[in-house]
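# Overview (structure and organization)
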Amino acid sequence: PVGATYILFSSYENALLNSNPIDVQEYQNYQATNNQTIYIKITANGECFGIMWFNLIVHSFDEEDLQSQTVFICKGENLVLSAPNGYFDYQWNLNNQITHQQNITIEEPASYTVSFKNHFGCEATKTYIVSLSSKAQILSVEVNDFNQNGGTATVYVQGNGVYEFSINGIHYQQDNVFTNLPVGQHLVFVRDINGCGITTYPIVVLDYPKYFTPNGDGINDFWRIPMLSLAYPKAQIEIYDRFGKLVYNFAAQNMGWNGTLNNNPLPSTDYWFVVRLGNRTIKGHFSLIR
């Protein structure tokens, strides 16, 4: 009718009672199914001409398809960005050039936005925030050993990634410090959690024997520091008696000390040693047992 007023309601009861009309300027559809019945009350000159209704159908997008996504590109590599499946008319703006592919290959970290349409012609966009990551560079591993209680290793790295650390390549940790390491050779693993690779670094944890038994049975007849030559090939060892007299010295590659001085057996007692590693000096004592 001419001059009629149309008022929208969310239920038939509200329309009858003229209660809680819909503000068409701010209305949003909150139905989980995106389908809702809207009721229209038509009035003119204070008279009601009737109540009509229609179904409001909203063709929406999967919320996950619209959320911005952070991804990582490995240094020196390419990355494929894949727009969500199930749409058409994909559009990427790359350096002011439009491409209509669903997937694109990029080489640089930046923000990339794709627009796409569903089968009802509704258009949406999704942004990919691409950050740089890289394989770790291990600068050094500081080993604290010769303490009879297991060694400690601290790993120092640099790079664009976020790194985690392992001493066996199986179990990783966020801390770059390993404690209670047994004597022996170990391999430190550092991996980028963004998938840009693993870097390894060999280390040796050392300790000295507390005693030796030079009795000629072929077992423990020489006092030496196992694997010293692997970590410090130029190391020198000096052995002193309890009066501070030098009784023997040898290089890391040598067999070690057999408990003699000038081919004469020395008595069973404690002896002191000094290991010169270049950047540090280790001192301690051990027992000769016959």
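This text goes with the structure placed above it.
If you're wondering where the values come from, they're calculated on a predicted model, not measured in any experiment.

### Some remarks on the pattern of salt bridges
Applying the stated rule across the entire model yields four salt bridges. Measuring nitrogen to oxygen at the nearest pair gives 2.7 Å for the salt bridge that ties Arg280 to Asp145. Here Arg280 is found in the loop between strand 22 (270-276) and strand 23 (281-288), whereas its partner Asp145 is found in the loop between strand 11 (137-144) and strand 12 (151-158), with 135 residues between them in sequence. Using a relative accessible area of 23% as the deciding quantity, one classes Arg280 as partly exposed. The buried category is assigned to Asp145, whose relative accessible area is 5%.

### A short note on the nonpolar core
Ranked by internal contacts, the top residues of the largest apolar core, which has 24 residues, are Trp223, Leu228, Ile239, Trp257, Val275, Leu277 and Phe286. Looking at this core, the elements that each hand over two or more residues are strand 18 (236-240), strand 19 (246-251), strand 22 and strand 23. When near neighbours in sequence (up to four residues on either side) are disregarded, Leu277 contacts Phe146, Leu228, Tyr232, Ala235 and Ile282.

### Here's the deal with the pairing of strand 16 (residues 198-205)
Remember that side chains alternate between the two faces of the sheet whenever the strand is regular. Note that strand 15 (residues 184-192) and strand 16 share eight bridges and pair antiparallel. Across the sheet, Phe189 pairs through a bridge with Thr200, a residue of strand 16. The loop that links strand 15 with its antiparallel partner strand 16 comprises five residues; one of these, Gly195, has a positive phi angle of about 90 degrees.

### Comments concerning the pairing of strand 6 (residues 88-94)
In this sheet, strand 9 (residues 111-117) lies alongside strand 6 in antiparallel orientation, the contact comprising three bridges. Bridging across to strand 9, Gln91 finds its partner in Ser115. With three bridges joining them, strand 6 and strand 7 (residues 97-99) adopt antiparallel strand pairing. Residue pairing across strands places Leu94 opposite Gln97, the latter belonging to strand 7. Connecting the antiparallel pair strand 6 and strand 7 is a turn made up of two residues, with Asn95 showing a positive phi of about 55 degrees.

The rules behind these values
- Residues numbered from 1 in each chain as written.
- Predicted model: local features only at pLDDT ≥ 70, side-chain atom pairs only at ≥ 80, totals over all residues.
- Heavy atoms only, no water.
- Salt bridge = Lys/Arg side-chain N within 4 Å of Asp/Glu carboxyl O.
- Helix = DSSP H or I, 4+ residues; strand = E, 2+ residues; numbered from the N terminus.
- Buried < 20%, exposed > 50% of the residue type's maximum accessible area, 1.4 Å probe, protein only.
- Core = buried A, V, L, I, M, F, W, Y, C linked by side-chain atoms within 4.5 Å.
- Contact = heavy atoms within 4.5 Å.
- Pairing = 2+ DSSP bridges.

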